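A structural walkthrough
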Amino acid sequence: MRFRHPDGTTVHLAYCTNVHPAETLDGVLAQLRDHCEPVRRRLGRDRLGIGLWLAKDAAHALVTDPSALRALRTELDRRGLEVVTLNGFPYQGFGAEEVKYRVYRPDWADPERLDHTTALARVLAGLLPDDVTEGSVSTLPLAWRTDLPPHPSPTGPIPAGPLPEDRVESGRKALVTLAERLDALAELTGRSIRVGLEPEPGCVVETTRDAIAPLTAIAHDRIGICVDTCHLATSFEDPQTALDALTSAGIPVVKSQLSAALHAEHPHLPEVRAALAAFDEPRFLHQTRTATAAGLRGTDDLGEALRGDSLPDAGPWRAHFHVPLHAAPAAPLTSTLPVLKAALARLVGGPRPLTRHLEVETYTWQALPPELRPRGRSQLADGIAAELALARDLLTDLGLKELP
């Protein structure tokens, strides 16, 4: 979906396909048929933007076979779909029964992350619509904050020590190399692909504030930040303050993922604990945070927060659980949709947009409590379309005009 900002800029809105598990190119093509096109039809649109998630094998197939890339581009056109952004955070296995810490491997200290992101940029340059010259890729914010075993993901306690500085430095150097490759790609294709670190609780770059120093050190306009409004809210960041700081530091907002976290206003109450427990599921990490007078406190997962007194409960808790934008959880819980609205107002509600790429990312539909999960493809398509409709309404309320 495209929108015209009052300054004349085109702003793109998509939804992220990491909600549909697929590890291969055939799986991606099936997604377009079974999920993406039905969402477009529900919205009554001739054209719908999707933020593709391409796992390692799918990306490799596309970057090594020009005919496969052409076939994907043709299929997108045939189904009324367009791609200006990719989600490059998960590397593989995002549809597995247990993801948890796996999603942070490989990190930016591993050559596989640089190679994969380079492949994604090359693929995206070939998928951009003819009238679009700029694409974006969101990626892991350097690494998880501690060393993780490469295989498999741990289910027990994580080492308490910080990630060794040499690995952090290797990650920074890899991003510099990536910037050089993106420059070369732009010169070769005429398409500018930018990559944004996506701050996430528990990572080396947990907040937008954490991103400023490494991105300032890289100092390249093709490497910036992806602002995920669920992560922003989970870390209790004020959107206005965070985005103003990025602007002052000259850090480009490459894209923003429109998402909402789980909010519990009174976590000390037994009924609130019981409601939160329904969202404690085994597939994804749900980092949980609370703001205290001494600063932010948190746990790596919601279950850990619910056990004993590991997290202070005198103030509200927020959990990294991407809840549907249009359907807040039932009381006594709610979502951080107000944070999303405040961030969006700053991102695109001013005299000029801070970013041109917006992506609804609710990958946890099938991780919701059983009674809230969609039953089948049709209900899932209905839910995704409802999220996009809400995002569309927020944009038009801010003065943007929906384009055909």
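Data block above holds the structure.
It should be emphasised that the depicted structure is a prediction, and the values quoted were computed from it without experimental measurement. (Residues numbered from 1 in each chain as written. Predicted model: local features only at pLDDT ≥ 70, side-chain atom pairs only at ≥ 80, totals over all residues. Heavy atoms only, no water.)

For the rest of this paragraph, the subject is the overall build of the chain. Check the secondary structure of the chain and you find 12 helices and 15 strands. Its C-alpha atoms give the chain a radius of gyration of 20 Å, near enough to 22 Å, the size a compact globule of 404 residues would have. Reported as C-alpha extents along the three principal axes, the dimensions of the chain are approximately 55 × 50 × 40 Å. A buried classification covers 60% of the 404 residues belonging to the chain. Taking all contacts inside the chain whose residues are at least 6 apart in sequence as the whole, residues at least 24 apart take part in 78%. (Helix = DSSP H or I, 4+ residues; strand = E, 2+ residues; numbered from the N terminus. Rg over C-alpha atoms; globule rule 2.2 N^0.38 Å. Buried < 20%, exposed > 50% of the residue type's maximum accessible area, 1.4 Å probe, protein only. Contact = heavy atoms within 4.5 Å.)

Position of Asp115 relative to the elements: it lies in helix H4 (residues 111–127). As for Asp115 and Asn18, which are separated by 97 residues in sequence, their C-alpha atoms are 20 Å apart.

As a further point, take the packing of aromatic side chains. For any pair of aromatic rings, the description rests on two quantities: the centre-to-centre distance and the angle between the ring planes. Across all of its chains, the model carries eight aromatic pairs by this definition. A centroid spacing of 5.2 Å and a plane angle of 90 degrees characterise the contact between Phe279 and Phe321, whose relative ring orientation is edge-to-face. Placement of the pair is Phe279 in the loop between helix H9 (270–277) and strand E10 (288–292) and Phe321 in strand E12 (residues 317–323), with a sequence separation of 42 residues. We note that Phe279, like Phe321, is buried. Centre to centre, the rings of Phe284 and Tyr363 are 5.0 Å apart; their planes meet at 70 degrees, and the pair counts as edge-to-face. Of this pair, Phe284 sits in the loop between H9 and E10 while Tyr363 sits in the loop between strand E14 (357–360) and helix H12 (377–397), and the two are 79 residues apart along the sequence. Here Phe284 matches Tyr363 in class, with each residue buried. Three or more aromatic residues joined by ring pairs form one cluster here, namely Trp53, Phe94, Phe284 and Tyr363. In this arrangement the basic side chain of Arg318 is found over the ring face of Phe236, its NZ or CZ atom lying 4.4 Å from the centre. (Phe/Tyr/Trp six-rings, centres within 6.5 Å; stacked < 30°, edge-to-face > 60°. Lys NZ or Arg CZ within 6 Å of the ring centre and 35° of its normal.)

Turning our eyes to something else, we now look at the pairing of strand E2 (residues 10–16). With six of seven residues buried, E2 lies mostly within the body of the structure. Direction of pairing for strand E1 (residues 2–4) relative to E2: antiparallel, over a ladder of three bridges. From the neighbouring strand, Arg2 faces E2, where its bridge partner is His12. Hairpin remark: E1 followed by E2, antiparallel, with five residues in the connecting loop; positive phi at Gly8, about 100 degrees. (Pairing = 2+ DSSP bridges.)

The next point concerns the nonpolar core. Counting residues in each nonpolar core, the largest one holds 117 residues, and the members touching the most others are Leu13, Tyr15, Leu54 and Leu388. Looking at which element gives the most residues to this core, the answer is H12, with 10 residues. Those residues in contact with Tyr15, other than ones at most four positions away along the chain, are His20, His35, Cys36, Val39, Leu48, Gly49, Ile50, Gly51, Glu359, Val360, Ile384 and Leu388. By size, the runner-up hydrophobic cluster in this structure holds five residues, among which are Leu232, Ala233, Ala242 and Ala343. (Core = buried A, V, L, I, M, F, W, Y, C linked by side-chain atoms within 4.5 Å.)

Spanning 17 residues, H4 covers 25 Å between terminal C-alpha atoms, matching the ideal 24 Å at 1.5 Å per step. Of all 17 residues in H4, 12 are buried; the element is thus mostly enclosed. Every buried residue of H4 is listed here: Arg113, Leu114, His116, Thr117, Thr118, Ala119, Leu120, Ala121, Val123, Leu124, Ala125 and Leu127. (Expected span 1.5 Å × (residues − 1).)

A word on unusual backbone geometry. Along the chain, Arg105 connects to Pro106 via a cis peptide bond; the corresponding omega equals -10 degrees. Tracing the chain through its elements places Pro106 in the loop between strand E4 (81–87) and H4. Cis geometry is found at the peptide bond from Ala331 to Pro332, where omega equals 20 degrees. By the element assignment, Pro332 lies in the loop between E12 and strand E13 (333–335). Phi angles above zero are rare outside glycine, and Lys100 is one such case at about 45 degrees. Positionally, Lys100 belongs in the loop between E4 and H4. For Lys100, a relative accessible area of 12% translates into the label buried.

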